[in-house]
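Coordinate inspection notes
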Amino acid sequence: MIYLHGDLGAGKTTLVRGVLNALGHTGRVKSPTYTLLEPYSAGGLELRHFDLYRLNDEEEWESAGFRDEFDGHNVFFIEWPEKAQGLIPAADMEIDLDIAGEGRIATLLASTKTGRECLERL
Ligand SMILES: Nc1ncnc2c1ncn2[C@@H]1O[C@H](COP(=O)(O)OP(=O)(O)OP(=O)(O)O)[C@@H](O)[C@H]1O
Ligand SMILES: [Mg+2]
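Since the model is a prediction, treat every value here as computed from it, not as a measurement.

Along the backbone of the chain there are three helices and six strands. Secondary structure elements of the chain, listed N to C terminal, follow the sequence β-α-β-β-α-β-β-β-α. Here the C-alpha radius of gyration of the chain, 14 Å, is about what a compact globule of 122 residues would show, namely 14 Å. Its C-alpha atoms give the chain principal-axis dimensions of about 40 × 30 × 30 Å. For the chain, with 122 residues in total, the buried portion stands at 23%. Of the contacts formed within the chain by residues at least 6 apart in sequence, a portion of 53% connects residues at least 24 apart.

Set out below in structure tokens:
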């Protein structure tokens, strides 16, 4: 469970695109700005990419069936996780992105054993 933090345009979606490409995904990776969720299968993993900026309330969350997504899938990237506080599982890792000129600075924080294991392999 990876939370992605950073201002609008900080590079959250671009980071997910990079990970998916590295896993061998060759199709488009579009921002889930309006769909809120884009699903992927890549590298033997089932990945779910959420952008919750436009999530209105818990009712919308439930009626979209998002709760069921948190069962049996492997990797979650969540942009704007604070919009679904109490609805999504706690993060294994949180990534903060800051704009630095034409590049970005990423700060990674592991909060569980799984998160620490991932961090140690980077
Ligand atoms: N590591 C990077 N280096 C240089 N440019 C980047 C980097 N990451 C993203 N960008 C550029 O910044 C712009 C915004 O990126 P992106 O859409 O990934 O941001 P975002 O954090 O997902 O924004 P939003 O909160 O609106 O979803 C894009 O034009 C992208 O090319
Ligand atoms: Mg985005």
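With 17 residues, the main nonpolar core has Ile2, Tyr3, Leu4, Phe50, Phe76, Phe77 and Ile78 as its most contacted residues. Put simply, the parts of the chain that give this core at least two residues each are strand E1 (2-5), helix H1 (12-22), strand E3 (45-51) and strand E4 (75-79). Considering every element that reaches this core, the biggest residue donor is E4, with four residues. Look past the residues within four positions of leucine 4 in its chain and what remains in contact with it is Lys12, Leu15, Phe77, Ile78, Glu79 and Ile95.

Negative phi values dominate among residues other than glycine, just as trans dominates among peptide bonds. With a phi close to 70 degrees, leucine 36 is a non-glycine residue in the positive phi region. Assignment of secondary structure puts leucine 36 in the loop between H1 and strand E2 (37-42). Residue leucine 36 is classed as buried on the basis of its C-beta count, with 21 C-beta atoms lying within 10 Å. At tryptophan 80, a residue that is not glycine, the phi angle is positive and equals roughly 55 degrees. Overall, the presence of 19 C-beta atoms within 10 Å leaves tryptophan 80 in the partly exposed class.

All right, on to the environment of alanine 90 then. Its location among the elements puts alanine 90 in the loop between E4 and strand E5 (93-100). Taking the C-alpha atoms as reference points, alanine 90 and lysine 113, separated by 23 residues in sequence, lie 12 Å from one another.

Neighbouring residues of ligand 1: 14 residues in total, closest Gly11, Lys12, Thr13, Thr14 and Arg104. Those elements that place two or more of their residues in the shell around ligand 1 are H1 and strand E6 (103-110). Take the shell around ligand 1: its biggest share by element is three residues, from H1. In the shell around ligand 1, the residues fall into two nonpolar, seven polar and five charged.

Rules behind the numbers
- Residues numbered from 1 in each chain as written.
- Chains lettered and ligands numbered in written order.
- Predicted model: local features only at pLDDT ≥ 70, side-chain atom pairs only at ≥ 80, totals over all residues.
- Helix = DSSP H or I, 4+ residues; strand = E, 2+ residues; numbered from the N terminus.
- Rg over C-alpha atoms; globule rule 2.2 N^0.38 Å.
- Buried ≥ 20, exposed ≤ 12 C-beta atoms within 10 Å, placed from the backbone.
- Contact = placed C-beta atoms within 7 Å.
- Core = buried A, V, L, I, M, F, W, Y, C linked by C-beta atoms within 7 Å.
- Near = placed C-beta within 6 Å.
- Nonpolar A, V, L, I, M, F, W, Y, C, P; charged D, E, K, R; others polar.

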